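Architecture at a glance
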Amino acid sequence: MPGASRHLKTTPMNDTTFLCSDEIRTLFSRRMSEMYREEVPLYGELLDVVADVNAQTMREPALLAHLRKNGELERIGVERHGAIRLGKPEELATIRRLFKVMGMAPVGYYDLSVAGVPVHSTAFRPVSDASLSSNPFRVFTSLLRLELIEDLALREEVQQILARRNIFTPRALALVERAETAGGLTAAEAEEFVAQALETFRWHSEATVSKATYDKLLAAHRLIADVACFKGPHINHLTPRTLDIDAAQIEMTRRGMSAKDVVEGPPQRKVPILLRQTSFRALQERVAFAGESASEAGTHTARFGEIEQRGVALTRKGRALYDALLSRVRDANGAGNAGADYQTRLHAAFQDFPDDLKAMREAGLGFFRYALTDKGRAAGHDELGAKSLEALVDGGWLSAEPITYEDFLPVSAAGIFQSNLGAGEQKSYAANSAQAVFEAALGATVQDEIALYEEAQERSLKEAAPFLAAR
Ligand code: OOG
Ligand code: NI
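The structure displayed is predicted, hence computed values, not measured ones.

Before going further, it helps to examine the site of ligand 1. Taken together, His81, Ala83, Arg85, Phe140, Asn236, His237, Gln277, Glu306, Phe408, Ala413 and Phe417 form the complete shell of residues around ligand 1. Side-chain polar atom of Asn236 to an oxygen atom of ligand 1: 3.0 Å apart, as the coordinates give it. About the coverage of ligand 1: the protein hides 100% of its 320 Å² of free accessible area. Broken down by secondary-structure element, the contributors of at least two residues to the shell around ligand 1 are strand S3 (80–86) and helix H18 (410–421).

The next thing to look at is the packing of helix H1 (residues 21–39) against helix H2 (residues 41–57). Put simply, H1 and H2 touch, their axes get as near as 5 Å, and they point 120° apart. As far as their axial angle goes, H2 and H1 are oblique. Contacts from Ser33, Tyr36, Arg37, Glu38 and Glu39 in H1 reach Pro41, Tyr43, Gly44, Leu47 and Asp48 in H2. The class makeup of the residues in the contact of H1 with H2 is four nonpolar, two polar and four charged.

Right, let's get into the sheet that holds strand S7 (residues 238–240). Strand order in the open sheet made by the five strands is S4-S5-S6-S3-S7, with mixed pairing throughout. Each edge of the sheet is formed by a strand with only one pairing partner; in this case those strands are strand S4 (105–111) and S7. Pairwise comparison of adjacent strand axes, ignoring direction, gives a mean angle of 20° for this sheet. With five bridges connecting them, S4 and strand S5 (residues 119–125) associate as antiparallel partners. Counted as the bridge partner of Asp111 is His120 from S5. Its contacts with the sheet put helix H4 (residues 89–101) on S3, S4, S5 and strand S6 (138–144), and the angle it makes with S6 is roughly 165°.

Attention shifts here to the coordination of the nickel ion (ligand 2). For the nickel ion (ligand 2), the full set of protein donor atoms is His81 (NE2), His237 (NE2) and Glu306 (OE), and the range of their distances to it is 2.1 to 2.2 Å. Mapping the donors of the nickel ion (ligand 2) onto the primary sequence gives the spacing H-x155-H-x68-E. Placement of the pair is His81 in strand S3 and His237 in the loop between helix H10 (222–228) and S7, with a sequence separation of 156 residues. Considered together, His81 and His237 belong to a single accessibility category, that of buried residues.

Axis separation between helix H7 (residues 170–182) and helix H8 (residues 187–201) bottoms out at 9 Å; the angle between their running directions is 135°. Looking at the two axes, H7 sits oblique to H8. H7 and H8 meet at a crossing whose hand is left-handed. Contacts between H7 and H8 involve Arg171, Ala172, Leu175, Val176 and Arg178 from the former and Glu189, Glu192, Phe193, Gln196 and Ala197 from the latter. The residue inventory of the contact of H7 with H8, partitioned by class, reads five nonpolar, one polar and four charged.

The next point concerns the environment of Ala197. With respect to the secondary-structure elements, Ala197 resides in helix H8. Setting aside its immediate chain neighbours within four residues, Ala197 contacts Phe28, Leu98 and Ala172.

Our next topic: the confidence of the model for the protein chain. Detailed reading of the predicted coordinates is not advisable wherever pLDDT falls low. Residues at a pLDDT of 70 or more form 92% of the protein chain, whose mean pLDDT is 90. Every residue in residues 1–5 is under pLDDT 50, and counting partners more than four places away or in other chains gives zero contacts.

For the rest of this paragraph, the subject is unusual backbone geometry. Unlike most non-glycine residues, Leu274 shows phi in positive territory, near 50°. Counting through the fold element by element, Leu274 comes out in the loop between helix H11 (245–254) and strand S8 (275–280).

Turning next to the side chain of Thr57. Position of Thr57 among the secondary structure elements: in helix H2. Taking relative accessible area as the criterion, Thr57 reaches 18% and is therefore assigned buried. Beyond its immediate sequence surroundings of up to four residues, Thr57 is in contact with Leu63, Leu243 and Asp244.

Glancing now at helix H6 (residues 152–163). For H6, spanning 12 residues, the distance from its first C-alpha to its last is 16 Å, which sits close to the expected 16 Å at 1.5 Å a residue. Inspection of H6 places Leu154, Val158, Ile161 and Leu162 among the buried residues, and these make up the whole buried set. Along the axis of H6, the buried positions cluster into a sector of 95°, meaning they face one direction only. Exposed side chains of H6 directed beyond 90 degrees from the buried face belong to Leu152, Ala153 and Ala163. Summarising the contacts, the buried residues of H6 are in contact with S6, helix H9 (211–220) and H10. The opening residue of H6, the one whose side-chain oxygen lies 3.1 Å from the backbone nitrogen of Ala153, is Asp151.

How each quantity is defined
Residues numbered from 1 in each chain as written. Chains lettered and ligands numbered in written order. Predicted model: local features only at pLDDT ≥ 70, side-chain atom pairs only at ≥ 80, totals over all residues. Heavy atoms only, no water. Near = heavy atom within 4 Å. Polar contact = N/O pair within 3.5 Å; in protein donor to acceptor, adjacent residues only side chain to side chain. Areas by Shrake-Rupley, 256 points an atom, 1.4 Å probe, with all protein chains shown as cover. Helix = DSSP H or I, 4+ residues; strand = E, 2+ residues; numbered from the N terminus. Axes fitted to C-alpha atoms, helices over the stretch in contact; angles between N-to-C directions. Parallel < 35°, antiparallel > 145°, perpendicular 65-115°, else oblique. Contact = heavy atoms within 4.5 Å. Nonpolar A, V, L, I, M, F, W, Y, C, P; charged D, E, K, R; others polar. Pairing = 2+ DSSP bridges. Donors = N, O, S within 2.8 Å, 3.2 Å for Na, K, Ca; no water. Buried < 20%, exposed > 50% of the residue type's maximum accessible area, 1.4 Å probe, protein only. Left-handed = near helix turned anticlockwise from the far one by under 90°. pLDDT = per-residue confidence, 0-100. Expected span 1.5 Å × (residues − 1). Arc of directions from axis to C-beta.

If you want it as structure tokens, here you go:
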């Protein structure tokens, strides 16, 4: 493989050559994609649509230049996120160690109980600029909140069912330990690790419980049945990134796929912000229940397709404005995102969010990566030192590229959960964010996603224009 040596790191201590964690992540995401394609053929079709639309969209020279400059051109074709739902705190702690081997760390805390889904979540993803641009593979990871199940007997039963399972293969656990103690994995170990890790995310068509138990949990909450009745946390979707979600949606309809009617997130704009997503109804999959004959096999719906478009990462101020505008639309007459006029109302409310990069930058709504231009490099520090950041950008000495949002949105995530849990699944739980409880289970704190964008912006400024920081 040409250039492969770039990805190997050597530890002088024992002269072992380890595969870089970015490479392990890329291998894992490729294998996961191959597995999901086999399990869910619709996913393969989605990839085709997205590839077509992206090729078309990249004909736009400005977009192409931005992607190239931002180091996103190479990653776009392989960019995916997946989602899993865990049942026990120990599972979350171990999954953190497993993802760490692939250079993924927990970022962000999402409380979905507000939306009637008894889970809280984080996203495991790479954090450094270099790792993101090499492969930004992320996994939205949720943990079931048993304490939100009011029926104590049921809670106890779910706990017992979950206590009996072990979602990791012994070899996967041994290789995680090996990576931790040795400081990495060799190429051969990494291959084996990826194959073993995949076992955790694979679809298992045999339930661990009887049909009667499954039905009981399903009635309590469809999500509880999905988490508790199976051998492991099957990957429930794998989402490619499209550069134009509206075009992709049209193309899907043309091909006869049925997307859900609402695109979650901000409205269509000239400058895309945060994240827009749309998903496809879950498949009905055959399940064999414990102790029952094949003729009594039932079905389970959990896995679906999704596509997303990513835009500019917003500052705390920008995010507050986004949240306020979104709830203005959703809370109006308690309409939520229902109604044929939702997109129109959304669009109207977002008139209050500037739709142009310069205005967003000057109002402090978005994050940008700054770099000296040729003109900037040619100029002396004396010439530049006296100018403001705005003047430097306006005069063409500094370029400002918007930073891409790498995370998720709780309201959108809740919408995705709900549309795939089946009709009528609307329970309500008192809003109770429990980040400390989540972090105790995780065995680590989650990183604040907005702080990461702040740091990326600061780093770029320090490098491009150190004289600005000195003032
Ligand atoms: C996760 C739903 C959240 C997203 O893209 O916001 C999500 C799930 O259904 O398990 O994947
Ligand atoms: Ni998703």
